[in-house]
Amino acid sequence: MFSESAIKELDEIRARYPTSRAALLPALYVAQRESGWLSPDAMEYVAQVLNMPKAVVRGVASFYAMYKCRPMGRHLIQLCTNVSCMILGAERLVDFLKNKYGLEEGGTTSDGMFSLVIMECIGGCDVAPSMLVDSDYYGNLSEERIVEILERYK
Ligand code: FES
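Conventions and cut-offs
Residues numbered from 1 in each chain as written. Predicted model: local features only at pLDDT ≥ 70, side-chain atom pairs only at ≥ 80, totals over all residues. Heavy atoms only, no water. Salt bridge = Lys/Arg side-chain N within 4 Å of Asp/Glu carboxyl O. Helix = DSSP H or I, 4+ residues; strand = E, 2+ residues; numbered from the N terminus. Buried < 20%, exposed > 50% of the residue type's maximum accessible area, 1.4 Å probe, protein only. Axes fitted to C-alpha atoms, helices over the stretch in contact; angles between N-to-C directions. Parallel < 35°, antiparallel > 145°, perpendicular 65-115°, else oblique. Contact = heavy atoms within 4.5 Å. Nonpolar A, V, L, I, M, F, W, Y, C, P; charged D, E, K, R; others polar. Core = buried A, V, L, I, M, F, W, Y, C linked by side-chain atoms within 4.5 Å. Arc of directions from axis to C-beta. Pairing = 2+ DSSP bridges.

Moving on, we get to the pattern of salt bridges. Tallied over the entire structure, the rule returns six salt bridges. Note that Glu12 is salt-bridged to Lys8, the shortest N-O span being 3.4 Å. Residue Glu12 and its partner Lys8 are located together in helix H1 (residues 4-16), separated by four residues, close to a single helical turn. Residue classification places Glu12 among the partly exposed residues on the basis of a relative accessible area of 37%. The exposure class assigned to Lys8 is exposed, which follows from its relative accessible area of 53%. The salt bridge involving Arg152 is made with Glu148; its shortest N-O contact spans 2.3 Å. Under the relative-accessibility criterion, Arg152 is labelled partly exposed at 48%. A relative accessible area of 39% means that Glu148 is categorised as partly exposed.

Encoded structure:
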């Protein structure tokens, strides 16, 4: 289910942290990176690796918004449409994502590569319109720039 490098990373995380609970958030991050969300099997594996109850892993994963407990694309686009971004064309960019990639708000591309979430301010008003792809931040967006950015994730 997990790549060899992810399994190695999980072992390293387990060894680095003093307790399983301390290791849980970074371990879930690695697990989610593998397929874009935390499936029941992925959470069970994390529970095994950290030798902790599955219910604890599920409880933590479902508490934090950064963890996705339902199927998502491999990469998560978080596009801001709050005031600064809206004034500078964010809503046109939402239409562009829909028309070019078939990407609706809350939806996933047919190839499973990208999911889209519309966000409130993500703190990049000075370079609006802005978005995150996974944990990478991008500003000064245009249609052309979005195409160029998303190509890097394929
Ligand atoms: S309004 Fe979009 S980043 Fe602040």
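Once you've had a look at it, read on.
Okay, the packing of H1 against helix H2 (residues 20-35) next. H2 packs onto H1 with a crossing angle of 175° between their chain directions and a minimal axis gap of 10 Å. The orientation of H1 relative to H2 falls into the category roughly antiparallel. Residue-level inspection shows Ala6, Glu9, Leu10 and Ile13 of H1 in contact with H2, the latter providing Ala23, Pro26, Ala27, Val30, Arg33 and Glu34. Of the residues contributing to the contact of H1 with H2, the split by class is seven nonpolar, no polar and three charged.

Within soluble globular proteins, side chains that are nonpolar generally end up buried alongside one another. The biggest cluster of nonpolar side chains holds 22 residues, and the ones touching the most others in it are Leu24, Leu28, Leu38, Val46, Leu50 and Val57. At the level of elements, H1, H2, helix H3 (40-50) and helix H4 (54-63) are the ones that each hand at least two residues to this core. Among residues more than four places away in sequence, those in contact with Val46 are Leu24, Ala27, Leu28, Ala31 and Val57. Core analysis: the next-biggest nonpolar cluster, separate from the first, contains 18 residues, Phe114, Met131, Tyr138 and Ile146 among them.

A word on helix H7 (residues 143-151). Of all the positions in H7, only Ile146, Ile149 and Leu150 are classed as buried. Down the axis of H7, the smallest arc covering the buried residues is 95°, so these residues share one side. Buried positions along H7 lie against strand S1 (75-80), helix H6 (90-101), strand S2 (114-119), strand S3 (131-133) and strand S4 (136-138).

Across the six residues of S1, six count as buried, placing the element largely inside the fold. Taking every second residue as pointing to the same face, both faces of S1 are buried, with His75, Ile77 and Leu79 on one and Leu76, Gln78 and Cys80 on the other. Of the pairings in the sheet, the one linking S1 to S2 comprises six bridges and is parallel in character. Of the residues in S2, the one forming a bridge with Gln78 is Val117. Here S1 runs beside S3; their pairing, made up of three bridges, is antiparallel. Bridging from a neighbouring strand, Leu79 pairs with Met131 of S3.

These figures capture arrangement, not role.
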